[in-house]
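What follows is each chain in one-letter form.
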Amino acid sequence: MVRTWAIHYPVTHATAHSVADRELADFPNFGRDDETTYQDGFDKIYEVCWLNVFGAKLVDTVGRERMRSTPAHRVEELPDGSILLVTWPTAADFATEAARVAQARAWVHLRPDLDFNTVMAILRERSAILAPVEPRFAPDVAALLSRLPEYVSLAQHQRRIAELNAYVPPEPDEWLPLDAALPSDVADPKAALDQYASFAERLVALLHTPVPSVFKGSPESLTDIDFHFWKESFPDTFERHNIDATAVPAIGAYLGEVLVRHLGGQWLPRKNWMEAQVRVGDRVWLPFARAHRYMRSTQALLDHSLTQLYRVAERHARY
């Protein structure tokens, strides 16, 4: 039975979006609380989707002849008494106006107590929510933002893309013009640089399993780090004193090392490591200050990402 309709209607990308449509219908509760859903089950037709298999008991409740006469692309009685009903020939078109009209006609046929225009309004609203949205993310953080929509449900995927299209993080201000740079005030610059390298190694030790690219110390690894911390809600999960004492110096030093390695930067060490700078072109950047702001909250991971600061520094280094 299952094999027959699976051959005719294989699972595709469009079928996944049909699943998202089912989510918008609040399947399997259909607006009922959990207790009512458990008690009543599928005691009547609550919804008609693009592809449906109605069990024999439900078919008898609705009326077998009514079910057989449903206006739909395919109505097939299966050996166990259940009925396969497909409203439209292809899943790829399930959210088009014509396919929604066919879906509404089948729905109100099986539920004559419903109004066709009301049902159409519901279906059109779902189609609008699922309509593809082209990603147009802010360029400096596009590599990061492109990963975020997968962490919402299929039904909210396009809406999330639209939200992120409108999102523009604040411009980084953790920098000074070269003529305003703080001069190095350490007695042993090499010892200070060794300390920064040691800080950066802490981040590698912390993230080497969930973020293997951390070994590379590359611009791309910064995006992987941003995404990992965001996915884990790191700043809102761990104790603040541990974040400030361990994570912030590790992240700041790692960011500084990437600026040095890939943009030809030069450390300007300071006794107070929060004031340490990396010279790139005609600016000096404050990676530890960035890390401190970055770790304030999960939202701050996006607003003050490592990815963005690197890309802005890279752009200014060209001039």
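Coordinates for the structure precede this section.
What counts as what
- Residues numbered from 1 in each chain as written.
- Predicted model: local features only at pLDDT ≥ 70, side-chain atom pairs only at ≥ 80, totals over all residues.
- Heavy atoms only, no water.
- Helix = DSSP H or I, 4+ residues; strand = E, 2+ residues; numbered from the N terminus.
- Expected span 1.5 Å × (residues − 1).
- Buried < 20%, exposed > 50% of the residue type's maximum accessible area, 1.4 Å probe, protein only.
- 1 Å grid on protein atoms, 1.4 Å probe; cavity = no way out; pocket = protein on both sides within 12 Å on 5 of 7 lines; lining within 4 Å.
- Points joined across faces, edges and corners; volume = space filled by probe spheres on them.
- Nonpolar A, V, L, I, M, F, W, Y, C, P; charged D, E, K, R; others polar.
- Pairing = 2+ DSSP bridges.
- Axes fitted to C-alpha atoms, helices over the stretch in contact; angles between N-to-C directions.
- Contact = heavy atoms within 4.5 Å.
- Phe/Tyr/Trp six-rings, centres within 6.5 Å; stacked < 30°, edge-to-face > 60°.
- Lys NZ or Arg CZ within 6 Å of the ring centre and 35° of its normal.

Draft legend 1. Geometry of helix 6 (residues 97-110). Taking 1.5 Å of rise per residue, the 14 residues of helix 6 would be expected to cover 20 Å, and the 20 Å separating its terminal C-alpha atoms lies within 8% of that figure. Of all 14 residues making up helix 6, 11 are buried, and the element is well covered by its neighbours. Buried within helix 6 are the following residues: A99, R100, V101, A102, Q103, A104, A106, W107, V108, H109 and L110.

Draft legend 2. Structural view of the layout of surface pockets. In this structure, the second largest pocket spans a volume of roughly 180 Å³. The wall of the second largest pocket is formed by A197, A200, E201, V204, V214, F215, K216, G217, Y254, E257, V258 and R261. Among the secondary structure elements, those contributing two or more residues to the lining of the second largest pocket are helix 10 (189-207) and helix 13 (240-263). Partitioned by chemical class, the residues of the lining of the second largest pocket number seven nonpolar, one polar and four charged.

Draft legend 3. The arrangement of the pairing of strand 6 (residues 277-280) in detail. Two strands pair when backbone bridges link them, and strand 5 (residues 266-268) and strand 6 are joined in this way by three bridges, in the antiparallel orientation. Within the sheet, the bridge partner assigned to Q266 lies in strand 6 and is R279. Across three bridges, the pairing between strand 6 and strand 7 (residues 283-285) is antiparallel. Directly across from V280, in strand 7, lies its bridge partner R283. Counting the residues that bridge the hairpin from strand 6 to strand 7 gives two residues, and of these G281 lies at a positive phi of roughly 65°.

Draft legend 4. Here's a closer look at the sheet that holds strand 7. The strand order across the open sheet built from four strands is 4-7-6-5, with neighbouring strands paired in antiparallel fashion. A single partner strand is all that each edge strand has here, and the edge strands are strand 4 (175-177) and strand 5. Strand-to-strand twist in this sheet, taken as the mean axis angle between neighbours without regard to direction, amounts to 30°. The strands touched by helix 13 within the sheet are strand 5, strand 6 and strand 7, with strand 5 carrying the most contacts at an inclination of about 140°.

Draft legend 5. Structural context of the packing of aromatic side chains. On inspection of all chains with the given rule, the structure shows 13 aromatic pairs. Taken together, a centroid distance of 4.5 Å and an interplanar angle of 40° make the contact between Y196 and W267 tilted. With Y196 in helix 10 and W267 in strand 5, the pair connects residues that are 71 residues apart, well separated along the chain. Like W267, Y196 is buried. Considering the side-chain rings of F199 and F288, the 6.4 Å spacing of their centres and the 85° angle between planes classify their relative orientation as edge-to-face. With F199 in helix 10 and F288 in helix 14 (residues 287-294), the pair connects residues that are 89 residues apart, well separated along the chain. Taken individually, F199 and F288 each receive the classification buried, so the pair is uniform in this respect. Ring pairing ties together the aromatic residues Y196, F199, W267, W273 and F288, which thus form one cluster. Residue placement shows R283 over the ring face of W175; its charged tip is 3.4 Å from the ring centre.

Draft legend 6. Layout of the sheet that holds strand 1 (residues 51-54). Judged by pairing direction, the sheet is antiparallel, and its three strands sit side by side in the order 1-3-2 without closing on themselves. Two strands in the sheet have a free side with no partner beyond their single neighbour: strand 1 and strand 2 (74-77). Recorded for the sheet is a direction-independent mean angle of 10° between the axes of neighbouring strands. Bridge analysis of strand 2 against strand 3 (residues 83-86) gives four bridges, and the strand direction is antiparallel. Counterpart to E77 in the pairing with strand 3 is I83.

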